Amino acid sequence: MPMSVSRSRSHITAELTIRYADFSLDANLTLPAQGITVFFGHSGCGKTTCLRAIAGLEKLEQGKVSVAGEMWQCSDSQQFVPTYKRDLGYVFQEPGLFPHLTVEANLQFGAKRIAVNKRHVSFDEVTELLGITSLLNRYPAQLSGGEKQRVAIGRALLTSPKLLLMDEPLSALDQPRKQEFLPYLERLHRELDLPILYVTHSMQELARLADHIVLFDKGSILASGSAHSIMSDPKFDALFGDEIGSVFDTKVVAMHENRMTELDCDGLTIWAVGYIAEQGATYRCRILASDVGLSLEEPKFSTVLNRFRATIIDIQTTLAEDGQALVVLELENQQRLLSKITLKSLYELNLTQGLEVWALVKSVALS
Ligand SMILES: Nc1ncnc2c1ncn2[C@@H]1O[C@H](COP(=O)(O)OP(=O)(O)OP(=O)(O)O)[C@@H](O)[C@H]1O
């Protein structure tokens with residue numbers, strides 16, 4: 001198979017030019033046709049417009065949309081596949097269930113549109129995956145916000161889409177409901193081979209769910225790349241603010257006494273508090289830059305458990321106005337870790353590029 005064909009099958013490409021009276025979007029994206037891609041950015045920067053354009057719901061002045069080798073739209077060849085003929089599921093902020101139908105009938109509404117030979121996920125699989133099997137006889141009015149949204153996702157999945165679009169699906173939920181809901185999205189991600197484009201401005205959702213990130217800024221694309229590279233890039237400090245940090249995909253090695261879990265990240269051992277999952281399970285850790293201190297020598301008698309040898313590869317003093325600097329470190333497993341320290345410490349320890357230091361991680365957040 002020619003390279004370009006096999007590449008197009010594994011990618012989603014969107015070249016979009018949209019003009020409104022007071023806003024324009026110019027996006028040229030090549031995204032992996034697997035995992036979760038998060039569209040992130042301030043309100044009004046064009047995330048939803050981009051998602052809607054991929055769905056065929058926005059008029060393109062110029063552009064092209066192709067998903068895993070299928071051309072959905074091309075202005076040059078005047079090709080346009082209408083939304084209802086695109087193999088996609090769309091989950092909005094509001095679940096939009098039919099109030100007069102039971103959960104089961106709402107779900108079947110999605111499934112019935114698809115010929116039996118085109119269904120690649122079963123009713124039982126979807127209801128089990130989303131934890132809604134016990135709700136099938138209820139009506140939407142008898143469900144919590146989170147349950148309704150799980151049914152909405154189930155309805156979208158039962159159309160056996162090739163692409164799932166989710167526009168801030170958790171924004172209508174309160175914080176505890178969001179916490180309950182996130183594991184279902186993580187499960188979906190782990191267990192289904194389905195690419196998801198996910199719009200949010202929540203840092204928490206970004207850090208927990210994203211494999212790939214697209215950063216939007218005023219109608220254009222600021223950056224597009226792996227979650228690890230984007231989240232630990234000091235260039236985006238202003239966008240992430242206090243939430244800037246690094247994410248690591250790890251594997252549970254063992255649970256130890258005193259409620260400690262040992263994780264492996266490409267040869268690096270990370271200790272986390274609590275028993276989080278069985279041996280072999282994968283876990284994403286997030287380490288905020290503000291939780292990473294630096295030392296010139298190995299602090300042998302410190303209470304900090306996670307101490308990593310690291311090399312300083314960059315120092316950004318763009319935060320100097322608030323008396324802080326962002327230090328980019330390379331760990332022994334070649335991954336990057338950010339550390340936010342005071343300018344006082346930077347100058348007193350005489351930290352410079354190329355210097356070997358010890359990174360002391362005070363807290364590891366797990367998802
Ligand atoms: N149909 C339309 N006609 C004119 N302007 C529009 C239309 N749809 C969206 N816009 C404008 O386009 C801009 C981008 O909107 P969009 O909803 O894509 O932003 P967003 O990044 O998703 O924001 P949020 O995070 O608040 O949902 C906004 O200024 C919006 O007012």
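The structure displayed is predicted, hence computed values, not measured ones. (Residues numbered from 1 in each chain as written. Predicted model: local features only at pLDDT ≥ 70, side-chain atom pairs only at ≥ 80, totals over all residues. Heavy atoms only, no water.)

Turning next to unusual backbone geometry. It is generally the case that most residues other than glycine have a negative phi and that most peptide bonds are trans. The phi dihedral of Ser-160 falls on the positive side, at around 50°, and the residue is not glycine. Relative to the assigned elements, Ser-160 resides in the loop between α5 (145-157) and β8 (163-167). (Helix = DSSP H or I, 4+ residues; strand = E, 2+ residues; numbered from the N terminus.)

Let's shift gears to the packing of aromatic side chains. What the rule picks out here adds up to five aromatic pairs. Relative to Phe-240, the ring of Phe-40 has its centre 5.8 Å away and its plane inclined at 40°; by these criteria the two rings are tilted. Of this pair, Phe-40 sits in strand β3 (residues 36-40) while Phe-240 sits in helix α9 (residues 237-240), and the two are 200 residues apart along the sequence. For Phe-40, a relative accessible area of 5% gives the class buried. The interplanar angle of 5° and the centroid separation of 4.2 Å between the aromatic rings of Tyr-90 and Phe-92 together place this pair among those described as stacked. A relative accessible area of 15% places Tyr-90 in the buried class. The cationic tip of Arg-155 hangs over the ring face of Phe-98; the distance from NZ or CZ to the ring centre is 5.5 Å. Taking NZ or CZ as reference, Arg-259 lies 4.9 Å from the ring centre of Tyr-275, over its face. (Phe/Tyr/Trp six-rings, centres within 6.5 Å; stacked < 30°, edge-to-face > 60°. Buried < 20%, exposed > 50% of the residue type's maximum accessible area, 1.4 Å probe, protein only. Lys NZ or Arg CZ within 6 Å of the ring centre and 35° of its normal.)

Looking now at the pattern of salt bridges. Taken as a whole, this structure holds 15 salt bridges when the rule is applied. With a shortest N-O distance of 2.9 Å, Glu-186 and Arg-208 are connected by a salt bridge. One end of the pair, Glu-186, is in helix α6 (residues 175-191); the other, Arg-208, is in helix α7 (residues 203-209), with 22 residues separating them in the sequence. Judged on exposure class, the residue Glu-186 and its partner Arg-208 are both buried. Here Lys-235 makes a salt bridge to Asp-233, at a shortest N to O gap of 3.2 Å. (Salt bridge = Lys/Arg side-chain N within 4 Å of Asp/Glu carboxyl O.)

This part is about the environment of Leu-173. In this structure, Leu-173 sits in the loop between β8 and α6. You can call Leu-173 buried: its relative accessible area is 10%. When the C-alpha positions of Leu-173 and Tyr-184 are compared, they lie 14 Å apart, and in sequence the two are 11 residues distant. Aside from chain neighbours lying at most four places away, what touches Leu-173 is Gly-145, Gly-146, Lys-178 and Phe-181. (Contact = heavy atoms within 4.5 Å.)

Before going further, it helps to examine the domain arrangement of the protein. Parsing the protein into structural domains produces domain 1 (3-238) and domain 2 (245-250 + 281-366). Look at where the C-alpha atoms of domain 1 and domain 2 centre, and you get two points 34 Å apart. Each side of the interface is counted separately: domain 1 has 13 residues, and domain 2 has 14 residues. Summing the contributions of domain 1 and of domain 2, the shared interface buries around 1,100 Å²; its carbon and sulfur component is 53%. On inspection of domain 1 and its partner domain 2, the count reaches zero salt bridges. At the junction of domain 1 with domain 2, the criterion picks out five residue pairs in polar contact (both at pLDDT 80 or more). Going through the elements one at a time, α7 and α8 (227-231) are the ones with two or more residues in the side of domain 1 that touches domain 2. The leading source of residues in the side of domain 1 that touches domain 2 is α7, at five residues. For the side of domain 1 that touches domain 2, the per-class residue count stands at eight nonpolar, two polar and three charged. (Domains from an automatic or database assignment. Buried area = accessible area lost by both parts, 1.4 Å probe. Polar contact = N/O pair within 3.5 Å; in protein donor to acceptor, adjacent residues only side chain to side chain. Nonpolar A, V, L, I, M, F, W, Y, C, P; charged D, E, K, R; others polar.)

Another aspect to go through is the sheet that holds strand β20 (residues 356-361). In space, the five strands of this open sheet follow the order β16-β20-β17-β18-β19, with antiparallel pairing throughout. Because the sheet does not close on itself, it has two edges, and the strands there are β16 (292-295) and β19 (336-342). The mean inter-strand angle of the sheet, taken between neighbouring strand axes irrespective of direction, is 45°. (Pairing = 2+ DSSP bridges. Axes fitted to C-alpha atoms, helices over the stretch in contact; angles between N-to-C directions.)

Bringing the site of the ligand into the picture now. Taken together, Tyr-20, Phe-23, His-42, Ser-43, Gly-44, Cys-45, Gly-46, Lys-47, Thr-48, Thr-49, Glu-168 and His-201 make up the full set of residues near the ligand. Gly-46 places a main-chain nitrogen or oxygen 3.0 Å from an oxygen atom of the ligand. Between Glu-168 and the ligand, the recorded distance is 3.5 Å, taken from a side-chain N or O atom to an oxygen atom. When the ligand sits alone it has 640 Å² of accessible area, and the protein chains cover 59% of it. (Near = heavy atom within 4 Å. Areas by Shrake-Rupley, 256 points an atom, 1.4 Å probe, with all protein chains shown as cover.)

With that settled, the discussion passes to the pairing of β20. With five of six residues buried, β20 is to be regarded as a mostly interior element. In the sheet, β16 pairs with β20 via four bridges, with the strands oriented antiparallel. Each bridged residue has a counterpart across the sheet, and for Gly-293 the counterpart in β20 is Leu-360. For strand β17 (residues 306-316) and β20, the ladder comprises six bridges, and the chain directions are antiparallel. The partner of Ala-310 across the bridge, within β20, is Val-357.

Every buried residue belonging to helix α3 (residues 103-112) is among Val-103, Asn-106, Leu-107, Gly-110 and Ala-111, and all of these are buried. Seen end-on, α3 carries its buried residues on one side only, within an arc spanning 140°. Buried residues belonging to α3 abut α4 (123-129) and α5. (Arc of directions from axis to C-beta.)

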